[in-house]
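# Residue-level structure breakdown
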Amino acid sequence: MKNRKILLEENEIPHQWYNILADMPNKPLPPISPATLEPIGPEDLAPLFPMELIKQEVSAEKWIDIPDEVRNIYSLWRPTPLYRAYGLEKTLDTPAKIYYKYEGVSPSGSHKPNTAVPQAYYNAKEGVKKITTETGAGQWGSALSFACNHFGMECEVYMVRVSYDGKPYRKIMMNTWGASVYPSPSNRTAAGRKILAEHPDSPGSLGIAISEAIEVAASDPNTKYSLGSVLNHVKLHQTIIGQEAIKQMEKAGDMPDIVIAPFGGGSNFAGLSFPFLRLNLEEGKKIRFIASEPSSCPKLTRGVFRYDFGDTIGMTPLLPMYTLGHNFVPAPIHAGGLRYHGAGVIVSQLLRDNLIEAVSHDNIEVFEAGVLFAQAEGIISAPEATHGIATAIAEARKCKEEGVSKTILFNLCGHGNFDMKAYQDYFEGKIVKHEITEEDIRKSLAELNTPEIA
Ligand SMILES: *Cc1c(COP(=O)(O)O)cnc(C)c1O
């Protein structure tokens, strides 16, 4: 029998997270205060985050211990399986070897609990009673609801309007774990009311929902805020994925030439790729890393590198990143988790230094890839995850054209079992190809008055 599934034992769950900041040849520029344009300090973040996460956010330690209690909860679904995609290879008739790491086996169905659990753990340990957050497609909101419930904390979720309307079962899932869920923009916050006054029919965006969640947390001393992507500590927690994948590839007697992951704010991409990128930086390996984004929200492939806000209203510090501008509201594509205007700071610096690459796919291509994958491998993937599949397929086809065999590894970061409406729209021909114009991008960037980076 072919060995499709490469598994690890429970005791092989890593004991530490990997902090790539320690190994980066060029460290990222610091986050700065929009008021003074001076670097911010840990105390500026204290109203929003518990101290242990702030320490991790700025840490230069290469390895950070995973608390036993967190590892213990991880063992509910970790280690996650790594598959050899024999079915997909056969369908594509490619000489490439394709592997994927499957994060859809977690309780909420994606990689998000890898950071939701430690974030809830550190908050609970510091006496926090309630956590607020945003969610796009509902994956992050579900993960944080699950984690907060475990530690007996309240969870309040601002869910992007299009997803709230289109994915009712994600909301019920959050309710099942005890969370309250509100559509964003909402009239519960000044940020939401401001957007609604200007755009009563706003489909919402992650940037707007973040503004709402931050506003609620900042106004209550017992409440903190939690972000599901973008920040350094989030990427740090996700490195559990790549560390496991290295052990699994070794078990398979193979090593990837190309590592691919879908890209929203960068957390699942970082999670799979950073531990492999360490091998490039430390051992001179020549693995390629490709971040895969939607062509309707192309910050990595068409955005600019400059300081920008992490949210729409401008409540966060200014971060040095690839961005389309914080006012950019992406088209309401089904991959809600990728509808974010910016990219995490670390990933942005790595892209600038050409240590990673980025590509984009349109919203039709990715459904073709998702359906082809479901038929070849069985798993129905989240619309976000189909972006990574589309890139893997493109690379495997290139191998065929060029007559070379490469080893491709991609992150299948979530299942699509709650995304049948998206697949239905695709089958009914309701999805129209969406590309943004240079004009759309120029208009959004022209509104930016944040500092440029030389
Ligand atoms: C949240 C999410 C993403 C996008 O976020 P990243 O931080 O870039 O990983 C992609 N896929 C799934 C399934 C998600 O839940």
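Residues numbered from 1 in each chain as written. Predicted model: local features only at pLDDT ≥ 70, side-chain atom pairs only at ≥ 80, totals over all residues. Heavy atoms only, no water.

## Digging into the packing of helix α2 (residues 51–58) against helix α5 (residues 113–125)
To describe two helices that pack against each other, one gives the angle between their axes and the distance between the axes. Look at α2 against α5: their axes get within 8 Å of each other, and the N-to-C directions meet at 130 degrees. With respect to each other, α2 and α5 are oriented oblique. Of α5, the residues touching α2 (which contributes Glu52, Leu53 and Gln56) are Gln119, Tyr122 and Asn123. Residues that form the contact of α2 with α5 fall into these classes: two nonpolar, three polar and one charged. (Axes fitted to C-alpha atoms, helices over the stretch in contact; angles between N-to-C directions. Helix = DSSP H or I, 4+ residues; strand = E, 2+ residues; numbered from the N terminus. Parallel < 35°, antiparallel > 145°, perpendicular 65-115°, else oblique. Contact = heavy atoms within 4.5 Å. Nonpolar A, V, L, I, M, F, W, Y, C, P; charged D, E, K, R; others polar.)

## A short note on helix α8 (residues 168–176)
Among the residues of α8, Arg170, Met173 and Met174 are the ones counted as buried. Considered in projection along α8, the buried side chains sweep an arc of 100 degrees and stay on one side of the axis. The exposed set on the far side of α8, more than 90 degrees from its buried face, consists of Tyr169 and Thr176. Against the buried residues of α8 lie β6 (130–135), α6 (139–150), β7 (154–160) and β8 (180–184). Two residues or fewer after α8 comes glycine 178, characterised by a positive phi angle close to 90 degrees. (Buried < 20%, exposed > 50% of the residue type's maximum accessible area, 1.4 Å probe, protein only. Arc of directions from axis to C-beta.)

## Regarding the site of the ligand
Taken together, 16 residues lie near the ligand, and Lys112, Ser229, Gly264, Ser267 and Asn268 sit nearest. A distance of 2.9 Å separates an oxygen atom of the ligand from a polar atom in the backbone of glycine 265. Across the complex, the protein chains shield 97% of the 380 Å² of accessible surface that the ligand would expose by itself. Mapping the ligand onto the cavity grids shows that it belongs to the largest cavity. Its residues assigned to classes, the shell around the ligand comprises three nonpolar, 11 polar and two charged. (Near = heavy atom within 4 Å. Polar contact = N/O pair within 3.5 Å; in protein donor to acceptor, adjacent residues only side chain to side chain. Areas by Shrake-Rupley, 256 points an atom, 1.4 Å probe, with all protein chains shown as cover. 1 Å grid on protein atoms, 1.4 Å probe; cavity = no way out; pocket = protein on both sides within 12 Å on 5 of 7 lines; lining within 4 Å. Sits in = over half its atoms within 2 Å of the grid points.)

## Things to note about empty space enclosed by the protein
The tally for this structure, following the rule as stated, stands at three cavities of 30 Å³ or more. Each pocket or cavity is described by its volume, and for the largest cavity that value is around 360 Å³. Lining of the largest cavity is provided by 27 residues; of these, Lys112, Leu206, Gly228, Ser229 and Gly337 occupy positions nearest its centre. Looking at the lining of the largest cavity, the elements with two or more residues in it are β6, α6, α10 (206–218) and α13 (267–283). Residues that form the lining of the largest cavity fall into these classes: 10 nonpolar, 14 polar and three charged. In this structure, the second largest cavity encloses a volume near 50 Å³. Taken together, Tyr18, Asn19, Ile20, Leu21, Gln56, Asn232, Lys235, Leu236, Phe274 and Ile346 make up the lining of the second largest cavity. (Points joined across faces, edges and corners; volume = space filled by probe spheres on them.)

## So, the environment of glycine 416
Following the sequence through the fold, glycine 416 ends up in the loop between β15 (407–412) and α18 (420–427). Once the C-alpha coordinates of glycine 416 and glycine 109 are considered, the two residues, 307 residues apart in sequence, prove to be 8.2 Å apart.

## Here's the deal with the layout of surface pockets
Looking at the largest pocket, its volume works out to about 610 Å³. If you trace the largest pocket, you find 33 residues lining it, with Pro31, Glu57, Val58, Asn232 and Leu319 closest to the centre. By residue number, the principal contributor to the lining of the largest pocket is α2, which donates four residues. A per-class count over the lining of the largest pocket returns 25 nonpolar, six polar and two charged. What the second largest pocket holds in volume is close to 300 Å³. Its residues assigned to classes, the lining of the second largest pocket comprises five nonpolar, four polar and three charged.

## A few points about α6
Taking 1.5 Å as the rise per residue, α6 with 12 residues should run 16 Å; its terminal C-alpha atoms sit 17 Å apart, in good agreement. With 10 of 12 residues buried, α6 lies mostly within the body of the structure. Taken together, the buried positions of α6 are occupied by Gln139, Trp140, Gly141, Ser142, Ala143, Leu144, Ser145, Phe146, Ala147 and Cys148. Close packing links the buried residues of α6 with α3 (68–74), α5, β6, β7 and α8. Backbone geometry just after α6 places glycine 152 at a positive phi near 70 degrees. (Expected span 1.5 Å × (residues − 1).)

## Regarding the sheet that holds strand β1 (residues 5–6)
With mixed pairing, seven strands are arranged side by side in an open sheet as β1-β4-β5-β15-β10-β11-β14. Every other strand in the sheet has two partners, leaving β1 and β14 (357–361) as the edge strands with one partner each. Bridge count between strand β4 (residues 82–84) and strand β5 (residues 97–102): three bridges; the pairing is antiparallel. From the neighbouring strand, leucine 82 faces β5, where its bridge partner is lysine 101. (Pairing = 2+ DSSP bridges.)

## Some thoughts on unusual backbone geometry
The general pattern is negative phi for most residues beyond glycine and trans for most peptide bonds. Of the consecutive residues arginine 78 and proline 79, the connecting peptide bond is found in the cis state with omega at -10 degrees. Considering the arrangement of structural elements, one finds proline 79 in the loop between α3 and β4. Cis rather than trans, the peptide bond between serine 184 and proline 185 has omega equal to 5 degrees. By the element assignment, proline 185 lies in the loop between β8 and α9 (190–198). At leucine 37, a residue that is not glycine, the phi angle is positive and equals roughly 60 degrees.

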